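Residues per chain, in single letters:
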Amino acid sequence: MSFYELILVMHDITRWLVLVVGIYAVVRAFLGWLGKKPWGKSDHSAGVSFTSIIDIQVLLGLVLYFVSPITTGGLRNFGGAMKVADVRFFLVEHSLIMLIAVILAHIGSAQVKKATSDLQKHRRAALWYLGVLVLILAIIPWNRLFN
Ligand code: HEM
């Protein structure tokens, strides 16, 4: 197995961790918000785990960007690559939107930390993490599952 294949498999598997931990963090935050529960250590850990696993996935993605034949080939002829939907997807759309997602995850997590009441912490976690999760879900290459 080449280095590229190894990173691709890791990036593929970590996708599921991002989704499972993300759904857990969002559901916890909504239950806490709507049920007016106190903000606890597990709520904090859920948010930290979600942002950390996204960090790892983005790092893997950045490595992939410079070893994948799709993106390295695309970088050699950027103009031409932009005309091929499948190449443009990884070269620009997937990579850029995932980078925006990780920035939003960190802004959201800082907003949760700054909140002054338990209710406000739950509400901010619910809305920020849901937004990040929707963005990630929207730009995952799901068609790869069926190839
Ligand atoms: C939460 C963030 C991310 C998720 C959930 C995610 C998910 C995925 C998935 C599921 C694949 C398909 C893997 C496969 O077919 O085996 C993929 C491919 C890819 N991702 Fe990401 N990704 C993320 C962030 C990034 C970032 C930030 C970059 C680059 C800056 C990136 C670059 C790539 C590239 C280049 C490929 C295609 C590699 C190839 O097939 O040769 N990803 N990503």
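Above this text you will find the structure in question.
Draft legend 1. Molecular detail of the site of the ligand. By nearness alone, 22 residues border the ligand, and Y4, H11, S68, H94 and R144 come closest of all. Within the side chain of Y4, one N or O atom sits 2.5 Å away from an oxygen atom of the ligand. A distance of 2.8 Å separates a nitrogen atom of the ligand from a polar side-chain atom of H94. Breaking the shell around the ligand down by element, the ones donating at least two residues are α1 (3-34), α2 (41-67), α3 (69-76) and α5 (85-114). If one sorts the elements of the shell around the ligand by residue count, α2 sits on top with 6 residues. The class makeup of the residues in the shell around the ligand is 12 nonpolar, 7 polar and 3 charged.

Draft legend 2. Representation of the coordination of the iron atom of the ligand in the model. Protein ligation of the iron atom of the ligand involves H11 (NE2) and H94 (NE2), the donor distances falling in the range 2.0 Å. Residue H11 is classed as buried on the basis of its relative accessible area of 15%.

Draft legend 3. Molecular detail of the pattern of salt bridges. As enumerated under the stated definition, the model contains 3 salt bridges in all. In this structure, R15 engages D12 in a salt bridge whose closest nitrogen and oxygen atoms are separated by 2.4 Å. Highlighted residues: R15 and D12, both in helix α1, separated by 3 residues, approximately one helical turn. Note on R15: relative accessible area 11%, which makes it buried. What makes D12 partly exposed here is its relative accessible area of 38%. The closest approach of N and O atoms between R88 and E93, which form a salt bridge, is 3.0 Å. Exposure remark for R88: the relative accessible area of 26% places this residue in the partly exposed category.

Draft legend 4. Representation of the packing of aromatic side chains in the model. Counted according to the given criterion, the structure contains 5 aromatic pairs. The interplanar angle of 55° and the centroid separation of 5.9 Å between the aromatic rings of W16 and W142 together place this pair among those described as tilted. Linking W16 in helix α1 with W142 in the segment after α6 (118-139), this pair joins segments that are 126 residues apart in sequence.

Each value, and the rule that gives it
Residues numbered from 1 in each chain as written. Predicted model: local features only at pLDDT ≥ 70, side-chain atom pairs only at ≥ 80, totals over all residues. Heavy atoms only, no water. Near = heavy atom within 4 Å. Polar contact = N/O pair within 3.5 Å; in protein donor to acceptor, adjacent residues only side chain to side chain. Helix = DSSP H or I, 4+ residues; strand = E, 2+ residues; numbered from the N terminus. Nonpolar A, V, L, I, M, F, W, Y, C, P; charged D, E, K, R; others polar. Donors = N, O, S within 2.8 Å, 3.2 Å for Na, K, Ca; no water. Buried < 20%, exposed > 50% of the residue type's maximum accessible area, 1.4 Å probe, protein only. Salt bridge = Lys/Arg side-chain N within 4 Å of Asp/Glu carboxyl O. Phe/Tyr/Trp six-rings, centres within 6.5 Å; stacked < 30°, edge-to-face > 60°.

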